[in-house]
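Breakdown of the fold
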Amino acid sequence: MKRKVIAAALTGLLALSACSSSGGKKADDQATKALGGGGPRIKIAMVTHSAQGDAFWDIVQKGAQSASAKDNVQFLYAADPDGGKQAQLVQSYIDQHVDGIIVTLAKPDALKDVVAKAVAAKIPVVTINSGAEDSAKFGALAHFGQDENIAGQAAGEQLNKAGVKKAVCLIHEQGNVGLEARCAGAKKTFSGQMQNLFVQGSNMPQVKSAVTAKLQADKGIDGILALNAQIALTASDAAKDSGGKAKVATFDMNKDLIAAIKDGRIQFAVDQQPYLQGYEAVDELWLYKRNGDILGGGQPVLTGPAIVDKSNADAVAPYADRGTR
């Protein structure tokens, strides 16, 4: 009789165990599915300070679009280099009640209030590319980009290795704190003389004429540090036309820039991996909405700097060819 009771009890325990195991597995499966791309579709907007035709931001968008496709996100994009107009674009997305906003803080004073409005409206904000110093203070969840001052220091060290003694740093957008930090960082580690030269980044003929005039006026300049791939290629043409021997280096890159590194027209590029900035920004907002995750623990998540020169240009070239580096 005791054996029958024990057997019955064991049978009951096994049944309960099976039910518990089944229920736990079902709950786990549901949680996994909720964290997969099959969850409810959300809408994420990105607003940058890009000027029209800037290929750098095409790469950022490709990263964001890839993450959006994976995460079942509707991705929206708008840009304006004017800080006030950029703020208006952010406000328009607040009014649309999007589920998350990605924004650049190249002109932080112009964006401070509207970012605060997004946060007050319970719309999570992530910053990318510029404004790492202000991101957390403004209420953003995370920042993805490179430390521009540190990146500038890396560029200064590379100019020293290239034997440059006197250089100009080309700032193509006045008031952009990130560009100013790059030049300031380069001056810290560059052992020669360096001065800033302002050019109109949206006007390549003006860039070329300004650089040509500078090189003709000061024959001692033997180095040019551009802060954008398109500016660098134009500066390279100017250096060639001026008859000087100024070595050109840059921040950021694209397919044509990689080719110029390989053939020696450009010494090196400081790569901040813009594809990664767009991708991780979308992913962070999706993770936050789905699982309350915050990448970086309140600190900026660095995507650079990485130095690309003749030694590794061939390895990077396939990615640049497809527009993701």
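Everything below is about the structure shown above.
In this report, the structure presented in the accompanying data block is examined. If you're wondering where the values come from, they're calculated on a predicted model, not measured in any experiment. (Residues numbered from 1 in each chain as written. Predicted model: local features only at pLDDT ≥ 70, side-chain atom pairs only at ≥ 80, totals over all residues. Heavy atoms only, no water.)

A separate point is the overall build of the protein. Scanning the protein from terminus to terminus reveals twelve helices and twelve strands. For the protein, the share of sequence-separated contacts (at least 6 apart) that also reach a separation of at least 24 residues comes to 72%. Roughly 15200 Å² of accessible area belongs to the protein as shown, and the carbon and sulfur atoms make up 52% of that amount. (Helix = DSSP H or I, 4+ residues; strand = E, 2+ residues; numbered from the N terminus. Contact = heavy atoms within 4.5 Å. Areas by Shrake-Rupley, 256 points an atom, 1.4 Å probe, with all protein chains shown as cover.)

Let us look at the nonpolar core. Counting residues in each nonpolar core, the largest one holds 32 residues, and the members touching the most others are L170, V211, I224, L257 and I258. Among the elements of the structure, β6 (166–171), α8 (204–217), β8 (223–226), α9 (229–241), α10 (255–262), β10 (266–271) and α12 (313–321) are those that each provide at least two residues to this core. If you tally residues by element for this core, the top one is α9, at seven residues. Filtering out sequence-adjacent residues up to four positions away, L170 remains in contact with L197, V211, I224, L225, A226, L227, I231 and A235. (Core = buried A, V, L, I, M, F, W, Y, C linked by side-chain atoms within 4.5 Å. Buried < 20%, exposed > 50% of the residue type's maximum accessible area, 1.4 Å probe, protein only.)

A few words now on the pairing of strand β5 (residues 142–145). Within a regular strand, the side chains alternate between the two sheet faces. Every second residue of β5 is oriented toward a common face, with A142 and F144 on one face and H143 and G145 on the other, all of them buried. Pairing geometry for strand β4 (residues 125–128) and β5, over three bridges, is parallel. Paired with I128 across the strands is F144, a residue of β5. (Pairing = 2+ DSSP bridges.)

Moving on to the side chain of T250. Structurally, the position occupied by T250 is in strand β9 (residues 247–251). Its relative accessible area of 0% is what places T250 among the buried residues. At 3.2 Å, the side chain of T250 forms a polar contact with the backbone oxygen of N228. (Polar contact = N/O pair within 3.5 Å; in protein donor to acceptor, adjacent residues only side chain to side chain.)

Below, the discussion takes up the state of the cysteines. Enumeration according to the criterion identifies one disulfide in this entry. In this model C169 forms its disulfide with C183; the gap between the sulfur atoms is 2.0 Å. Measuring the twist about the S-S bond at about -80°, one finds the C169-C183 disulfide to be left-handed. Taken together, the residues C169 in strand β6 and C183 in helix α7 (residues 177–189) connect sequence positions 14 residues apart. (Disulfide = S-S within 2.5 Å.)

Taking 1.5 Å per residue as the helical rise, α9 with its 13 residues ought to reach 18 Å, and the 19 Å between its terminal C-alpha atoms agrees with that figure. Inspection of α9 places A229, I231, A232, L233, T234, A235, S236, A238 and A239 among the buried residues, and these make up the whole buried set. Structurally, α9 contributes buried residues whose contacts are with β6, α8, β8, β9, α10 and β10. Positioned one or two residues after α9, G243 has a phi angle of 80°, which is positive. (Expected span 1.5 Å × (residues − 1).)

Interhelical geometry of helix α2 (residues 55–71) versus helix α11 (residues 274–291) gives an angle of 35° and a closest axis separation of 6 Å. You can see that α2 and α11 cross each other, and the crossing is right-handed. Side by side, α2 and α11 meet where F56, I59, V60, K62, G63, A64, S66, A67, S68, K70 and D71 of the first sit next to P274, Y275, G278, Y279, V282, D283 and W286 of the second. Residues of the contact of α2 with α11, tallied by class, amount to ten nonpolar, four polar and four charged. (Axes fitted to C-alpha atoms, helices over the stretch in contact; angles between N-to-C directions. Left-handed = near helix turned anticlockwise from the far one by under 90°. Nonpolar A, V, L, I, M, F, W, Y, C, P; charged D, E, K, R; others polar.)

Here we come to the pairing of β9. Within β9, four of the five residues are buried, which leaves it mostly tucked inside the rest of the structure. Crossover connection from β8 via α9 to parallel β9: handedness right-handed. Relative to β10, β9 runs parallel, the two being bridged by three bridges. Considered in β10, the bridge of V248 is made with I266. (Right-handed = clockwise from strand over helix to strand, strands pointing away.)

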